[in-house]
Amino acid sequence: MFSMSDFSRNVKRNVFLASGGIGAVLLTFAVYAYHNLLESYQTERISAFIHPDLYSDSAGYMMLQLSNALSAPGWFGSKTSNYIPEAHTDYALVQFIQSYGYAAGIAVILVIFAITLRILWIAKTMQYSFGKLLILAAAALYSCQSLYSILMVFGFLPLTSVPLPFMSYGLMPMLLNALLIGLVLSVYRRKTYSGKSALSVAHKAS
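Criteria and thresholds
For every chain, the first residue of the written sequence is number 1, and numbering continues from 1 along that sequence. Confidence filtering applies because this is a predicted model: local features only for residues at pLDDT of at least 70, side-chain atom pairs given and counted only at 80 or more, and all residues used for totals across whole chains, interfaces and linings. Excluding hydrogens and water, the side-chain values take into account all heavy atoms of the structure. Going along the chain from the N terminus, every DSSP run of H or I of four or more residues is numbered as a helix, and every run of E of two or more is numbered as a strand. Exposed residues in this analysis have more than 50% of their type's maximum accessible area, buried residues have under 20%, and partly exposed residues fall in between, with area computed by a 1.4 Å probe over protein chains only. Here the open area of atoms and residues is found with the Shrake-Rupley method and a 1.4 Å probe, where only the protein chains shown may cover a residue. Working definition of a nonpolar core: buried Ala, Val, Leu, Ile, Met, Phe, Trp, Tyr and Cys residues. They are joined through side-chain atoms within 4.5 Å. Residue contacts are counted whenever heavy atoms from the two residues lie within 4.5 Å of one another. An axis is simply a line fitted to the C-alpha atoms; with a helix, the fit covers only the stretch in contact. Between two such axes, the angle follows the N-to-C directions and lies from 0 to 180 degrees. With respect to orientation, any angle under 35 degrees is reported as roughly parallel, any angle over 145 as roughly antiparallel, any angle of 65 to 115 as roughly perpendicular, and every other angle as oblique. Crossing chirality is assigned from the near helix's rotation relative to the far helix, an anticlockwise turn below a right angle marking it left-handed and a clockwise turn marking it right-handed. Put simply, Ala, Val, Leu, Ile, Met, Phe, Trp, Tyr, Cys and Pro go in the nonpolar bin, Asp, Glu, Lys and Arg in the charged bin, and everything else, Gly too, in the polar bin. Exposure above 30% relative accessible area and the lack of any salt bridge qualify a residue for a patch; like charges then connect within 9 Å, and the nonpolar side chains Val, Leu, Ile, Met, Phe, Trp and Tyr within 5 Å. A pair is scored as a salt bridge if a Lys or Arg side-chain nitrogen falls within 4 Å of a carboxyl oxygen belonging to Asp or Glu. Geometry of aromatic contacts follows a simple scheme: Phe, Tyr and Trp rings, the Trp one being its six-membered ring, pair when their centres are within 6.5 Å, and the pair is stacked under 30 degrees between planes, edge-to-face over 60, tilted otherwise. The pLDDT value tells you how sure the predictor is about a given residue, anywhere from 0 up to 100.

### Notes on the overall build of the protein chain
Moving on, step 1. Along the backbone of the protein chain there are six helices and zero strands.
Moving on, step 2. Ordering the α and β elements of the protein chain from the N terminus gives α-α-α-α-α-α.
Moving on, step 3. The buried share of the protein chain, taken over its 206 residues, is 29%.
Moving on, step 4. A total accessible area of about 13400 Å² is found for the protein chain, and carbon and sulfur atoms account for 67% of it.

### Points about the nonpolar core
Moving on, step 1. Core analysis: the largest hydrophobic core is formed by 31 residues, its most contacted members being Leu66, Ile84, Tyr91, Leu93, Val94, Ile135 and Leu159.
Moving on, step 2. Counting only elements with at least two residues in this core, the list comes to helix H3 (61–71), helix H4 (92–125), helix H5 (129–153) and helix H6 (171–205).
Moving on, step 3. A per-element tally of this core places H4 first, with nine residues.
Moving on, step 4. For Tyr91, the residues in contact, after removing those within four places along its chain, are Met62, Leu66, Ile84, Pro85, Glu86, Met152, Val153 and Leu159.

### Some remarks on the packing of H3 against H4
Moving on, step 1. Closest axis-to-axis distance for the H3/H4 pair is 9 Å, and the angle between their directions is 15°. Taken together, the axes of H3 and H4 lie roughly parallel to each other. Helix-helix and strand crossings are classified by hand; for H3 and H4 the assignment is left-handed. For the pair formed by H3 and H4, the contact residues are Leu66, Ala69, Leu70 and Ser71 on the first element and Val94, Ile97, Gln98 and Tyr102 on the second.
Moving on, step 2. Taken together, the residues that form the contact of H3 with H4 break down as six nonpolar, two polar and no charged.

### Some thoughts on the packing of H4 against H5
Moving on, step 1. Running from N to C, H4 and H5 cross one another at 160°; their axes reach a closest spacing of 10 Å. Put simply, H4 runs roughly antiparallel to H5. The two elements H4 and H5 meet at a crossing, and its hand is left-handed. Listed contacts from H5 to Leu93, Val94, Ile109, Ile112, Phe113, Ile115, Thr116, Ile119, Leu120, Ile122 and Ala123 of H4 are Lys132, Ile135, Leu136, Ala139, Tyr142, Ser143, Ser146, Leu147, Ile150 and Val153.

### Notes on the environment of Gly74
Moving on, step 1. With respect to the helices and strands, the residue Gly74 is situated in the loop between H3 and H4.
Moving on, step 2. Between the alpha carbons of Gly74 and Gln98 there is a distance of 8.4 Å; along the sequence they are 24 residues apart.
Moving on, step 3. Not counting residues up to four positions away in its chain, the partners in contact with Gly74 are Gly101 and Tyr102.

### Quick look at a nonpolar patch on the surface
Moving on, step 1. A cluster of nonpolar side chains, Trp75, Phe76, Ile106 and Leu110, forms an exposed patch at the surface whose accessible area comes to about 520 Å².
Moving on, step 2. Residue position: Ile106 is located in helix H4.
Moving on, step 3. The class of Ile106 is partly exposed, set by a relative accessible area of 38%.

### Description of the environment of Trp121
Moving on, step 1. You can see Trp121 is positioned in helix H4.
Moving on, step 2. When the C-alpha positions of Trp121 and Ile135 are compared, they lie 9.8 Å apart, and in sequence the two are 14 residues distant.

### Considerations on the packing of aromatic side chains
Moving on, step 1. A full pass over the atoms with the stated rule returns two aromatic pairs.
Moving on, step 2. Where Phe96 meets Tyr100, the ring centres are 5.0 Å apart and the plane angle is 45°; that geometry is what we call tilted. Highlighted residues: Phe96 and Tyr100, both in helix H4, separated by four residues, approximately one helical turn.
Moving on, step 3. Relative accessible area serves as the criterion here: at 22%, Phe96 is assigned to the partly exposed category.

### Re the confidence of the model for the protein chain
Moving on, step 1. Per-residue confidence for the protein chain gives a mean pLDDT of 82, with 90% of residues at or over 70.
Moving on, step 2. For the protein chain, the element scoring lowest by mean pLDDT is H6, at 72; H4 scores highest, at 90.

Below, the structure written as structure tokens:
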């Protein structure tokens, strides 16, 4: 969002450099905290993400369950499904792939990111920076949770309670994503009205 704003190039560069410096400090502190400040159960969760086989009866259990569930189905699903806790919420994509296969799972992922690309295309067509930033904010919220949820179930990121938009069961995630899409459509609709109003004002002035 900040890179698409109207600030000068020098301001953007300085902000990005400052953000990079803060990020480096936070990373250094995270390494220090891991070795000196975290409790044993917290370090166990981090270690279980890296080596789930060593913690199969505790923190690594869920990751192994997801791995087994995703290894069974073929392109069009498996005859038997592994039990997955929270399969209707955080791990809805895993249950969907188990039932209908990787062909359907890839199709769902493509549709989710096609929506993101469409939102970004709408942001590119906006004339005013305020509307553009609103749409970019909606795209960031929608795409970040989508990407994290997908990478999480495939074992590339730690397991957290991040739902998949319009797939996971739950009132609040559904309302949030519906509001985001509604915001994008509203701003895009107002863009057309703004253009018509500007043309009418110019026509009256002439």
